[in-house]
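Residue-level structural notes
In case you want the letters, here they are:
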Amino acid sequence: MKIQKIEHIGIAVKDLKKSIRFYEEVLGVQCYKMEEVEDQQVTTAFFKIGDTKIELLESTSPEGPIAKFIEKRGEGIHHIAYAVDDLPGALREAESKGLRLIDREPREGAENFRIAFLHPKSTNGVLTELCEKPG
Ligand code: ZN
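What counts and how
- Residues numbered from 1 in each chain as written.
- Predicted model: local features only at pLDDT ≥ 70, side-chain atom pairs only at ≥ 80, totals over all residues.
- Heavy atoms only, no water.
- Helix = DSSP H or I, 4+ residues; strand = E, 2+ residues; numbered from the N terminus.
- Buried < 20%, exposed > 50% of the residue type's maximum accessible area, 1.4 Å probe, protein only.
- Contact = heavy atoms within 4.5 Å.
- Phe/Tyr/Trp six-rings, centres within 6.5 Å; stacked < 30°, edge-to-face > 60°.
- Lys NZ or Arg CZ within 6 Å of the ring centre and 35° of its normal.
- Pairing = 2+ DSSP bridges.
- Axes fitted to C-alpha atoms, helices over the stretch in contact; angles between N-to-C directions.
- Donors = N, O, S within 2.8 Å, 3.2 Å for Na, K, Ca; no water.
- Tetrahedral: all angles 85-135°; square planar, octahedral: opposite > 155°, others 65-115°.

**Considering the environment of Glu58**
Residue placement: Glu58 occurs in strand 4 (residues 52-59). Assessed through its relative accessible area of 22%, Glu58 is described here as partly exposed. Placed 22 residues apart in sequence, Glu58 and Glu36 show a C-alpha to C-alpha distance of 9.4 Å. With residues near it in sequence (within four places) discarded, Glu58 still touches Val13, Lys14, Asp15, Leu16, Gln41, Val42, Thr43 and Ile66.

Written out as structure tokens, the structure is:
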């Protein structure tokens, strides 16, 4: 597959508002977008850092994947997202090379990206998102 760049790093947080303050007041970067992604039971907040982004993730439900992640491992880095130019092709390639996929088909992510996750058991414990920019 062809990786273009690290599109973003996803960070699981308990309190989005409080976490945004660190990025804005200490790092001096502005949150340019907040968006709820129902499919993943999260509210996200985005920051541009050079050519990549930080995506903060707060759970909208105690049963959501981010709530469960924090319960098990605490706040912190949740996933790394790589931009690819052909997501369905990248998924087929990953599967053909024996990787375990969480999503076999692309689904809708934040910012209208098409996204899919590879299972951390296949990727050194790092939940890995592949994403393709809309249009
Ligand atoms: Zn992400």
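**A short note on the packing of aromatic side chains**
Within the structure shown, the criterion is met by 3 aromatic pairs. Through pairs of rings, three or more aromatic residues link up here, namely Phe22, Tyr23 and Phe47. The cationic tip of Lys48 hangs over the ring face of Tyr32; the distance from NZ or CZ to the ring centre is 3.9 Å.

**A closer look at the sheet that holds strand 7 (residues 114-118)**
One open sheet holds the 8 strands; their spatial order is 2-3-4-1-5-8-7-6, and the pairing between them is mixed. Since the sheet does not close on itself, it has two edges, and those belong to strand 2 (31-37) and strand 6 (107-108), each with one partner. Here 8 bridges tie strand 3 (residues 42-49) to strand 4, and the two strands are oriented antiparallel to one another. Residue pairing across strands places Ile49 opposite Thr52, the latter belonging to strand 4. Packed on one face of the sheet, helix 3 (residues 87-96) meets strand 5 (76-84), strand 7 and strand 8 (128-132) and runs near 15° to strand 7.

**Examining the coordination of the zinc ion**
Taken together, His8 (NE2), Glu55 (OE), His79 (NE2) and Glu129 (OE) make up the full set of protein donors to the zinc ion, lying 2.0 to 2.3 Å away. Geometry at the zinc ion is irregular, judged from the 4 donor atoms that bind it and their angles of 84 to 169° at the metal. In primary sequence terms, the donor set of the zinc ion follows H-x46-E-x23-H-x49-E. Taken together, the residues span a long stretch of sequence, with Glu55 in strand 4 and Glu129 in strand 8 at a distance of 74 residues. Residue Glu55 is classed as buried on the basis of its relative accessible area, which comes to 6%. On the basis of relative accessible area, Glu129 is assigned to the buried category, the value being 5%.

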